[in-house]
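An overview of the molecular structure
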Amino acid sequence: MLFQLFPTLIYKENLSISPINMNKIKFSPIGDFNYSTSDNILEQKYFSSLKKEIQRHVDIFTKDILEIENTLNFFITRSWVINIEKINNGGPFHSHSNSFFTGVFYINVDEEKDSFQIERSKSYQYLEYNYENINEWNQQLMTYYPKKNDLIIFDASLSHRVGHHLTSNLRTVVAFEIFAKGTFGSKGSLNSYNMGKLTL
Ligand SMILES: [Fe+2]
């Protein structure tokens, strides 16, 4: 028998969203990607229903699934659009500082070709071994092929990246970060340690 402890969660839902007119967005290139010049893009009027829908799912994930105390409210801080058209090897692995969670909404994807990857967190390993087969217990990398209108939300500490872009079809996503306001550690009770409350 095997026991699985402390799972890594990726929240995923496919949203019912009517098409969004993105003509007004200004972009600037960084490498093979084009980023919106705004990093508050979900504040734009044409994104208001998408922002509401993302917020609804952030609430479900943080309150209904993770059951984080009700003294905290999670909200979207930064949000930006990334357009990719050129064939390229994808982005670097990264995680997001200054946020608790991060997420992506897929507006346009080449389904089954465009991908998103998360790598297993690993501290320094003195000796390395390889595996005869990759299975759910030893896998180091997860490759996910998103569908149009998929929303994913996950912990900001998870190392992730945009996978290879294999065609010149337009891949458009909205990426966002989540922070919290309210009282942290409202049940903190020990005076002798630094376990007190923090209200932001
Ligand atoms: Fe990211």
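Described in the following lines is the structure provided in the data block. One numbering rule holds for all chains: residues counted from 1, following each sequence as written. In keeping with the predicted nature of the model, local features appear solely for residues at pLDDT of at least 70, side-chain atom pairs appear and are counted solely at 80 or more, and the whole-chain, interface and lining totals rest on all residues.

**Points about the overall build of the protein**
Across its full length, the protein carries one helix and eleven strands. Seen through its principal axes, the protein has C-alpha atoms that stretch 55 × 50 × 30 Å. Split into buried and exposed, the 200 residues of the protein put 22% on the buried side. Once C-beta atoms are placed from the backbone, any two residues with those atoms within 7 Å are in contact. Taking as baseline every contact in the protein between residues at least 6 positions apart, the subset at least 24 positions apart corresponds to 83%. The helix count covers DSSP runs of H or I at least four residues long, the strand count covers runs of E at least two residues long, and both are numbered beginning at the N terminus. A residue is called partly exposed when the number of other C-beta atoms within 10 Å of its own lies between 12 and 20, exposed at 12 or fewer, and buried at 20 or more, with C-beta atoms placed from the backbone.

**Concerning the sheet that holds strand β6 (residues 116–119)**
Pairing between the strands of a sheet is mediated by backbone hydrogen bonds and can be parallel or antiparallel. Ordered by their spatial adjacency, three strands build an open sheet running β7-β6-β9, and the pairing between neighbours is antiparallel. Where the open sheet ends on each side, the last strands, each with one partner, are β7 (141–144) and β9 (159–162). Taking the axes of each pair of neighbouring strands and ignoring which way they run, one obtains an average angle of 20° across the sheet. By the bridge criterion, four bridges tie β6 to β7 in an arrangement that is antiparallel. For Glu119, the partnering residue across the bridge sits in β7 and is Leu141. Whether two strands pair depends on DSSP finding at least two bridges between them. Geometry is summarised by axes, namely lines fitted to C-alpha atoms with helices restricted to the contacting stretch, and by angles between N-to-C directions that run from 0 to 180 degrees.

**Structural notes on the pairing of strand β10 (residues 171–184)**
By the bridge criterion, eleven bridges tie strand β4 (residues 72–84) to β10 in an arrangement that is antiparallel. Bridging across to β10, Ile84 finds its partner in Arg171. Of the strand pairs in this sheet, strand β5 (residues 101–108) and β10 are connected by seven bridges, and their pairing is antiparallel. Residue pairing across strands places Tyr106 opposite Val173, the latter belonging to β10. Relative to strand β11 (residues 198–199), β10 runs antiparallel, the two sharing two bridges. Bridging across to β11, Thr183 finds its partner in Thr199.

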